[in-house]
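Each chain, written out:
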Amino acid sequence: MSSAHHRKKQPALVRQQLLEVAARLAASDGMAAVTLDAVSSASNVSKGGLLHHFRTKNALLDALFENLLEKFDADIEELMRGDPQPQGRFTRAYLRAVSGLKDRPDDSRSWTQVTIALLAEPRLRLRWRQWVQARAEEYVGTDSSLDAQIVRFAADGLWFSDTLESHDISDALRRDLINRLVELTRK
C-alpha cells in the first residue's frame, strides 16, 4: 500500500493548499498558467484529489476569487475595528485596504491577476458587483454620502492605477492623496 492510504486526510488543508498554489501561479505567470494540471503538479496533489475539491478550472478560479474576497473582507473588518468614528468608517477601511495592497506584494500580485480576470469573466464581475452592492446596503447609514462614494471611486481608480502601474507618483504624493480622500469621508 502507498503512504497515501496511511496518512490522515485533511481536506480543508488540501483545499487551502490548492488555492495557495493557484494564487502563486496566477501571480507569477498569469491566470492562463492556472491549469488543473499545473496546480496538481505544483501542489503534489493528484489530479483526482484536485478534482475532488474543484471539478473544473472555473470552479478553482471562482474559489480563488472567493478566497481573496474573504481576505479582503477580513482586512476591511480589521481596519474598521481600529476606527472609532462610525461616519465613513467602511469607506476609510476600503480605501486603506485597497491602497495597502501595494505594500503587500503577494496580495498585490494575486489581486492584479484577479482584477484582470474580472475584466474578462462575466461571472467574476457579477460576484464583485454583488460584493459591492452588499457592502453598500450594509453601510447605507454611514457610508452613502456623495463624498464617500467619490472616495470609493477614487480608491478603485488607485487600485486600477496600481494594477496597470500606469501612474508614477511619489510616496509623498500618494500619502497626501490618501489623506485628502480620508478627509472627504469625515464630511
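So, how was this worked out
- Residues numbered from 1 in each chain as written.
- Predicted model: local features only at pLDDT ≥ 70, side-chain atom pairs only at ≥ 80, totals over all residues.
- Heavy atoms only, no water.
- UniProt positions renumbered as here; feature names shortened; annotations may be inferred.
- Helix = DSSP H or I, 4+ residues; strand = E, 2+ residues; numbered from the N terminus.
- Buried < 20%, exposed > 50% of the residue type's maximum accessible area, 1.4 Å probe, protein only.
- Expected span 1.5 Å × (residues − 1).
- Arc of directions from axis to C-beta.
- Contact = heavy atoms within 4.5 Å.
- Phe/Tyr/Trp six-rings, centres within 6.5 Å; stacked < 30°, edge-to-face > 60°.

### A short note on the UniProt feature "DNA-binding region" (unreviewed entry) in the protein chain
Mapped onto this structure's residue numbering, the UniProt feature "DNA-binding region" (unreviewed entry) falls at residues 35-54. Each end of residues 35-54 is marked by a C-alpha atom, and these two atoms are 11 Å apart; helix forms 75% of the span and strand 0%.

### So, unusual backbone geometry
At Asn44, a residue that is not glycine, the phi angle is positive and equals roughly 60°. Counting through the fold element by element, Asn44 comes out in the loop between helix H2 (36-43) and helix H3 (47-53). Judged by relative accessible area, Asn44 falls into the exposed class, the value being 73%. Of note, the phi angle at Glu165 is positive, near 50°, even though the residue is not glycine. Mapped onto the secondary structure, Glu165 falls in the loop between helix H8 (146-164) and helix H9 (171-185). Residue class for Glu165 comes out exposed when judged on its relative accessible area of 72%.

### Some thoughts on the UniProt feature "domain: HTH tetR-type" (unreviewed entry) in the protein chain
Those places that UniProt annotates as "domain: HTH tetR-type" (unreviewed entry) correspond, in this numbering, to residues 12-72. Between the C-alpha atoms that bound residues 12-72 the distance is 20 Å, and the span itself is 80% helix and 0% strand.

### With respect to the environment of Glu121
For Glu121, the position within the fold is in the loop between helix H6 (105-120) and helix H7 (122-138). Along the sequence, Glu121 and Asn58 sit 63 residues apart, while their C-alpha atoms lie 9.9 Å from each other.

### What to know about H7
Side chains three or four residues apart in an α-helix point the same way, a direct result of the helix having 3.6 residues per turn. The end-to-end C-alpha separation of H7 is 24 Å, in line with the 24 Å expected for 17 residues at 1.5 Å each. Along H7, the positions that sit buried rather than exposed are Leu124, Trp128, Trp131 and Arg135. Taken down its axis, H7 places every buried residue within 55° of arc, on the same side. Counted as exposed and oriented over 90 degrees from the buried face of H7: Arg129 and Glu137. Check the buried side of H7 and you find it contacts helix H4 (57-81), helix H5 (89-100), H6 and H8.

### Describing the packing of aromatic side chains
Per the counting criterion, the structure on display carries 10 aromatic pairs. Note on Phe72 and Trp128: the rings are 6.4 Å apart at their centroids and 45° apart in plane angle, and the pair reads as tilted. Placement of Phe72 in helix H4 and of Trp128 in helix H7 is noted, with a sequence separation of 56 residues between them. Residue Phe72 is classed as buried on the basis of its relative accessible area, which comes to 2%. Taken together, a centroid distance of 6.5 Å and an interplanar angle of 50° make the contact between Phe90 and Trp131 tilted. Pair noted here: Phe90 is in helix H5 and Trp131 is in helix H7, with a separation of 41 residues, a long-range link. The burial state of Phe90 is the same as that of Trp131; both residues are buried. Here a set of aromatic residues connected by ring pairs shows up, and it is made of Phe72, Phe90, Tyr94, Trp128, Trp131, Tyr139 and Trp159.

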